[in-house]
Amino acid sequence: MKQNINTFPKDFLWGGAVAANQCEGAFRVGGKGLSLADVHLYRSNQDITKVSHDSDMTLAQVKEAIDDKIGYYPKRHGIDFYHTYKEDLKLLAEMGFKTFRTSIDWSRIFPNGDDLEPNEEGLAFYDRLIDEIRSLGMEPIITMLHYETPLNITLEYGGWHNRKVIDFFVRYGEVLLNRFKGKVKYWIVINQINLVYHESFNSVAICQDQVENLEEARYQAIHNQMVASALIVEKARKLSSEFHMGTMLADCTAYPESCHPDDVVLAMKRNRLQYYFTDVQFRGEYPRYMRRFFNENHINLGEQDDDARILKENTMDFLAISYYYSSMVSAKRNGMNPLDLSKNPHLQANPWGWAVDPKGLYNALCQYYDRYQVPIMIAENGFGMYDKLEDGTVHDDYRISYLSAHIEQMKEAIKDGVEIFAYCAWGPIDIVSCSSAEMEKRYGFIYVDIDNDGNGSRQRIKKDSFYWYKKVIESNGEIL
């Protein structure tokens, strides 16, 4: 994938990304089991600027959600993509999509996670979906785990910190690789593997009252996820040379508030807590700074003898990143907790407090590439906003402005030699929000007429950005 150009390569993969749990619905159809996403209650009185930070659930809350007959759980319904995918994909193809990223819901394939045999009806659905993606000229990019751990893994095993889950996930991954060999080349094993603090329950399936030391359990769970990912890479390489295996980070690197040495050092240490996930998955071992961190914080990973070899021999092929906003830290106000941030006075934020910073994408791309020298995919980038339907459409100049500025910064990174091979705009058709379960936090080029309570005509309506993105793809990023 080496390139020496000043703009996007001719074979660049323009497209968009969704997650099964946010779009498919059909949560009781085709033998699907309950996943973590199916117990995410929509709360109209929530603080939307903090909701992604309170994802920890208790075991009692999970059980209450399972039995709840009154509350509304939007991810159980999504936009009914399970039944409408043909029509929806045609709209994306009309924009000229070269690629479409989605996830396979683990609980649709192994309803309990620990099942010995996969659910054929679930596999057949993804056969049909992937065939449709390919028939429309799009390269499928498939995520194996995007916050869809079967709920039984929490209830029976206490989540990902239990090493038994490694074998369950590897069995699932091997089934996918064998089933979709020849159809899917690009695999992201685990979505945003670093968001264990931001989306703790979604990420590692641990209820906060299931363990004595939640911080230790989180790092144990991530270790298990990285070992499981490496084992899946090992199987993929034995199975087909055509597979490209990647890991995915949400960019959470932070700026120092000032040039004061304390601010600079804090930002450096905070950023290393983000880089360590990919240091392990691209360099094949834990960096010394993390060994020090674990020692000083009395964290035992529960490593086994063969883990080091597995990680060292099965590193990833490419890096996928999601980028929405940048962060800032101050030594006077912030500590080492990844959620502890300061507001950047130089940037404007959307209603959810996400600071718009296109140059932050350029900075992140260059930092990651300088560090790892591997191909990079923009797996998510988008602008969530409360859209207003008027004159039969949505005039979303704000979304066009946001995306245009970020694509321009991708060009700057390419000029520096960064190997970027795909751009997947997040939520190209409106879907349920991951963090807040809102339908009205919209990212799409296509408006879906459903409100936060699940009411609406389900009609699909092209926004102004639909026609803008079509021109971007037609011009290979030259017309922004």
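Before reading further, recall that the structure is shown in the block above.
The model shown is predicted, which means the values in this text are computed figures rather than measured ones.

Visitor: Run through empty space enclosed by the protein, naming residues and quoting values.
Guide: Enumeration over the complete set of coordinates arrives at six cavities of 30 Å³ or more. For the largest cavity, the calculated volume is near 380 Å³. Along the wall of the largest cavity there are 27 residues; nearest its centre are Gln192, Leu195, Glu199, Tyr324 and Trp354. Tallied by class, the residues present in the lining of the largest cavity amount to 13 nonpolar, 10 polar and four charged. Roughly 60 Å³ of internal volume is contained in the second largest cavity. Looking at the second largest cavity, the residues that line it are Asn194, Val196, Tyr197, His198, Tyr219, Leu273, Gln274, Tyr276, Phe277 and Pro338.

Visitor: Go over the side chain of glutamate 419 with me, naming the residues and quoting the values.
Guide: Mapped onto the secondary structure, glutamate 419 falls in the loop between helix 14 (397–415) and strand 12 (420–426). The exposure class of glutamate 419 is buried, given its relative accessible area of 5%. Polar contacts involving the side chain of glutamate 419 include one to the side chain of tyrosine 369, which spans 2.4 Å.

Visitor: Describe the environment of histidine 346, and please don't skip the residues or the numbers.
Guide: Turning to its location among the elements, histidine 346 is positioned in the loop between strand 8 (327–329) and helix 13 (358–372). Taking the C-alpha atoms as reference points, histidine 346 and aspartate 357, separated by 11 residues in sequence, lie 9.5 Å from one another.

Visitor: Can you lay out the nonpolar core for me, pointing to particular residues and giving the numbers?
Guide: If you look at the biggest cluster of nonpolar residues, it comprises 159 residues, and the most contacted ones within it are Phe169, Met245, Tyr276 and Tyr469. The element best represented in this core is helix 9 (residues 214–239), accounting for 13 residues. Sequence-distant contacts of tyrosine 469, that is, excluding residues within four places in its chain, are made with Trp14, Gly15, Met95, Phe97, Tyr423, Ala425 and Phe445. Tyr147, Leu195, Ala250 and Cys252 belong to the second-largest nonpolar core, a separate cluster that totals five residues.

Visitor: Quick rundown of the pairing of strand 4 (residues 186–190)? Include the residues and the values.
Guide: Note on strand geometry: in a regular strand, side chains alternate between the two faces of the sheet. The element strand 4 is largely enclosed, with a buried count of five among its five residues. Pairing analysis gives four bridges linking strand 3 (residues 139–145) to strand 4, with the strands arranged parallel. Following the sheet pairing, isoleucine 141 is matched in strand 4 by tyrosine 186. Judged from the three bridges that link them, strand 4 and strand 5 (residues 244–250) form a sheet pairing that is parallel. Note on strand 5: the bridge partner recorded for isoleucine 188 is glycine 246.

Visitor: Could you give me a rundown of the sheet that holds strand 2 (residues 99–103), with the residues and numbers involved?
Guide: Reading around the barrel, the eight strands line up as 1-2-3-4-5-7-9-12 and close back on themselves, with parallel pairing between neighbours. This sheet shows a mean twist of 25° between the axes of neighbouring strands, independent of strand direction. Examined bridge by bridge, strand 9 (residues 376–380) and strand 12 share three bridges and lie parallel to one another. Looking at the pairing, isoleucine 378 lines up with tyrosine 423 of strand 12. Along the sheet, helix 13 contacts strand 5, strand 7 (318–322), strand 9 and strand 12; its crossing angle with strand 9, the most-contacted strand, is approximately 140°.

Visitor: Quick one: what's the story with the pattern of salt bridges, residue by residue and with numbers?
Guide: A complete count under the given rule lists 30 salt bridges for this structure. Between aspartate 317 and arginine 237 there is a salt bridge; the shortest N-O distance is 2.7 Å. Taken as a pair, aspartate 317 in the loop between helix 12 (307–313) and strand 7 and arginine 237 in helix 9 lie far apart in primary sequence, 80 residues in all. Judged by its relative accessible area of 27%, aspartate 317 is partly exposed. The class for arginine 237 is partly exposed, based on a relative accessible area of 39%. Across the salt bridge formed by arginine 442 and aspartate 430, the nearest N and O atoms sit 2.9 Å from each other. Note that arginine 442 is positioned in the loop between strand 12 and strand 13 (446–448) and aspartate 430 in the loop between strand 12 and strand 13, a separation of 12 residues in sequence. Within this structure, Asp387, Asp396, Arg399, Asp430, Arg442 and Lys463 form a network of salt bridges that share partners.

How each quantity is defined
Residues numbered from 1 in each chain as written. Predicted model: local features only at pLDDT ≥ 70, side-chain atom pairs only at ≥ 80, totals over all residues. Heavy atoms only, no water. 1 Å grid on protein atoms, 1.4 Å probe; cavity = no way out; pocket = protein on both sides within 12 Å on 5 of 7 lines; lining within 4 Å. Points joined across faces, edges and corners; volume = space filled by probe spheres on them. Nonpolar A, V, L, I, M, F, W, Y, C, P; charged D, E, K, R; others polar. Helix = DSSP H or I, 4+ residues; strand = E, 2+ residues; numbered from the N terminus. Buried < 20%, exposed > 50% of the residue type's maximum accessible area, 1.4 Å probe, protein only. Polar contact = N/O pair within 3.5 Å; in protein donor to acceptor, adjacent residues only side chain to side chain. Core = buried A, V, L, I, M, F, W, Y, C linked by side-chain atoms within 4.5 Å. Contact = heavy atoms within 4.5 Å. Pairing = 2+ DSSP bridges. Axes fitted to C-alpha atoms, helices over the stretch in contact; angles between N-to-C directions. Salt bridge = Lys/Arg side-chain N within 4 Å of Asp/Glu carboxyl O.

By themselves, these figures tell us nothing about what the structure is for.
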